[in-house]
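Letter by letter, the chains look like this.
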Amino acid sequence: MSSLSYIQLKGSSFELGVQLGQWGAAAFHQHLLPSPVWVQLEHWRGSDAITQMQSVVQTNFPFIWDELQGLAQGLQIPFEDAFIWNSRGDLWAMAPDSCSSVLQLQPYPRITHNEDGDPGFYGACAIAAFTPHQGPRFTSFVYPGSIAGHTFAANEHQLVMSVNNIRALFTLPGVPRMVLCRAILQCRSVAEAVELLQSQPRSGAFNLNLGDSSGAIHSVEFNQAAVSSLAISAPYFHANHAIHTDMRNYPQIITGSSGYRQIQGDQRVAQQTQVEPLAILGDDSNPRLPIYRREPSDTDNENTIATADFRYGPTGLEWEVYDGPLHEPVWRFKGLTCL
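Since the model is a prediction, treat every value here as computed from it, not as a measurement. (Residues numbered from 1 in each chain as written. Predicted model: local features only at pLDDT ≥ 70, side-chain atom pairs only at ≥ 80, totals over all residues. Heavy atoms only, no water.)

### Concerning the pairing of strand E7 (residues 160–165)
And then number 1: Of all the six residues making up E7, six are buried; the element is thus mostly covered by neighbouring parts of the structure.
And then number 2: Burial along E7 is two-sided: Val-160, Ser-162 and Asn-164 and Met-161, Val-163 and Asn-165, pointing in opposite directions, are all buried.
And then number 3: Here strand E6 (residues 152–155) pairs with E7 via three bridges, running antiparallel. Across the sheet, the residue bridging to Phe-152 is Ser-162, located in E7.
And then number 4: Between E6 and E7, which pair antiparallel in sequence order, lie four residues; one of them, Gln-158, sits at a positive phi of approximately 70°.
And then number 5: Pairing of E7 with strand E9 (residues 206–211), which is carried by six bridges, proceeds in the antiparallel orientation. Bridging from a neighbouring strand, Asn-165 pairs with Phe-206 of E9. (Buried < 20%, exposed > 50% of the residue type's maximum accessible area, 1.4 Å probe, protein only. Helix = DSSP H or I, 4+ residues; strand = E, 2+ residues; numbered from the N terminus. Pairing = 2+ DSSP bridges.)

### Observations concerning unusual backbone geometry
Most peptide bonds take the trans configuration, and most residues that are not glycine carry a negative phi.
And then number 1: Of the consecutive residues Gln-106 and Pro-107, the connecting peptide bond is found in the cis state with omega at 0°.
And then number 2: Residue position: Pro-107 is located in the loop between strand E2 (100–104) and strand E3 (110–117).
And then number 3: In the Ramachandran plot, Cys-99 falls in the positive-phi region, its phi being about 105° despite a non-glycine side chain.
And then number 4: Among the structural elements, Cys-99 can be located in the loop between helix H6 (88–91) and E2.
And then number 5: In this model, Asn-301 sits at a positive phi of 55°, which is unusual for a non-glycine residue.
And then number 6: With respect to the helices, strands and loops of the structure, Asn-301 is situated in the loop between helix H10 (277–281) and strand E14 (303–313).

### Considering the environment of Gly-259
And then number 1: When you line up the elements, Gly-259 lands in helix H9 (residues 256–271).
And then number 2: A relative accessible area of 18% places Gly-259 in the buried class.
And then number 3: A sequence separation of 20 residues divides Gly-259 from Ala-239, and the C-alpha atoms of the two residues are 7.7 Å apart.
And then number 4: Setting aside chain neighbours within four positions, we find Gly-259 in contact with His-241 and Ile-254. (Contact = heavy atoms within 4.5 Å.)

### Topic: the environment of Ala-216
And then number 1: On the secondary structure map, Ala-216 appears in the loop between E9 and strand E10 (217–222).
And then number 2: Each C-alpha atom, one on Ala-216 and one on Pro-109, is 7.3 Å from the other, the two residues being 107 residues apart in sequence.
And then number 3: Other than its neighbours up to four places away in sequence, Ala-216 contacts Val-190, Leu-210 and Gly-211.

### Re the pattern of salt bridges
It is possible for side chains bearing opposite charge to pair when their charged atoms get close.
And then number 1: With the rule as written, the count across this model stands at 18 salt bridges.
And then number 2: One salt bridge in this structure joins Asp-97 and Arg-177, with 4.0 Å as the shortest N-O distance. Of this pair, Asp-97 sits in the loop between H6 and E2 while Arg-177 is found in helix H7 (residues 177–184), placing the two residues 80 residues apart along the sequence.
And then number 3: On the accessibility criterion, Asp-97 (8% relative accessible area) is buried.
And then number 4: Put simply, Arg-293 and Asp-300 hold a salt bridge, and the shortest N to O gap is 3.7 Å. With respect to burial, Arg-293 and Asp-300 carry one shared label: buried.
And then number 5: Taken together, the salt bridges that share partners define one network made up of Arg-110, Asp-309, Arg-311, Glu-318, Glu-320 and Lys-334. (Salt bridge = Lys/Arg side-chain N within 4 Å of Asp/Glu carboxyl O.)

### A closer look at the nonpolar core
And then number 1: Among the nonpolar cores identified, the biggest contains 83 residues, and Phe-130, Phe-141, Phe-152, Ile-184, Leu-208 and Phe-310 are the most heavily contacted of them.
And then number 2: With near-sequence residues (within four places) excluded, Phe-310 lies in contact with Pro-109, Arg-110, Ile-111, Phe-152, Ala-153, Ala-154, Val-160, Leu-317, Glu-318 and Trp-319.
And then number 3: Counting residues in hydrophobic clusters, the runner-up holds eight residues, among them Val-102, Ala-239, Val-269 and Leu-281. (Core = buried A, V, L, I, M, F, W, Y, C linked by side-chain atoms within 4.5 Å.)

### With respect to the packing of H7 against helix H8 (residues 190–199)
Any two packed helices are characterised by the angle at which their axes cross and by the distance between the axes.
And then number 1: Remark: H7 packs on H8, axes separated minimally by 10 Å, with the N-to-C direction vectors making an angle of 145°. For the pair H7 and H8, the crossing hand works out as right-handed. Taken together, the residues of H8 that come into contact with H7 (itself represented by Leu-180, Ala-183 and Ile-184) are Ala-193, Leu-196 and Leu-197.
And then number 2: Here the residues of the contact of H7 with H8 sort into six nonpolar, no polar and no charged. (Axes fitted to C-alpha atoms, helices over the stretch in contact; angles between N-to-C directions. Left-handed = near helix turned anticlockwise from the far one by under 90°. Nonpolar A, V, L, I, M, F, W, Y, C, P; charged D, E, K, R; others polar.)

### Looking at the sheet that holds E14
And then number 1: With antiparallel pairing, the seven strands of this open sheet are ordered in space as E12-E2-E3-E14-E15-E16-E17. Every other strand in the sheet has two partners, leaving strand E12 (236–238) and strand E17 (337–338) as the edge strands with one partner each.
And then number 2: Pairing of E14 with strand E15 (residues 316–322), which is carried by seven bridges, proceeds in the antiparallel orientation. When the bridges of E15 are listed, Gly-313 appears paired with Gly-316.
And then number 3: In the packing of H9 onto the sheet, the strands contacted are E2, E3 and E12, and the crossing angle to E12 comes to about 170°.

### Description of helix H4 (residues 62–75)
Residues separated by three or four positions in an α-helix point in the same direction, a consequence of the helix having 3.6 residues per turn.
And then number 1: With 14 residues, H4 extends 20 Å between its outermost C-alpha atoms, agreeing within 8% with the 20 Å of an ideal straight helix rising 1.5 Å per residue.
And then number 2: Residues Ile-64, Trp-65, Glu-67, Leu-68, Gly-70, Leu-71, Ala-72, Gly-74 and Leu-75 constitute the buried set of H4.
And then number 3: Residues of H4 that are buried make contact with helix H1 (13–32), helix H3 (48–60), helix H5 (79–85) and H7. (Expected span 1.5 Å × (residues − 1).)

Below is the structure:
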């Protein structure tokens, strides 16, 4: 039995949210609600920050507001709780989100990504194909209780995105970073995605690895103060802290895992004449701080839940999803078509 299901969702923004909530409700209630993570976030109920963030989302992204309303209904939880969960990294720097990515242009543009998250959700996640009544179709890795986009995804315009956590400090109430990622799935190009980020009052921080049909691959870092977009020309590795020259000195938490994965990844891409990103992301040679993370004793309490490998070739976008980068693919895609 696959560790990752494949689900298909169709409808209005509200209906997509309801379907996504119903799909993840059992795991959400069984694992998350009794967890210490949820206790940390409960303190934000009724806060001025949440009120301000809700207002800006409702105004700037009404379709995502509707999706969140549907998600809450499908999960059978109060809307404020669903909103707080989907703002977790903006509110709490140590929310359980992580990941690693390898980017390259040769021999073809490629984004390869380890999705690292809460080990309690292993086996309860999915690859979800979304067909909205309005807006482009897209396919995204999804966690129970979360809107799509903040993990890895591709849309019908062949825009690809993988997302790495940045544990920013001193965030301001604005558009939650997960809402921004969901909004980017409406975009046609890397340039349009960067413009969207620049136009919004951002709250938390993320690293986005973006590719489009032109063959452009960019590493983008954003926080409440700035947006940095770096065009990739040589093989590149990114873990879970800001590393761009004009971003890395903003206040952030760099965990031991993120710091050492960055060192290992930088060394691997620098040493290899022909970069093998799946081999890099499958490296567990360091027993305490590996790149590929499946140990219950992980120092950040995160494990690699899935791996995605996106490639722009002569016939367009092709990609696979793995349960471990050194295993056989669980799912294969040509564009958005599941093969």
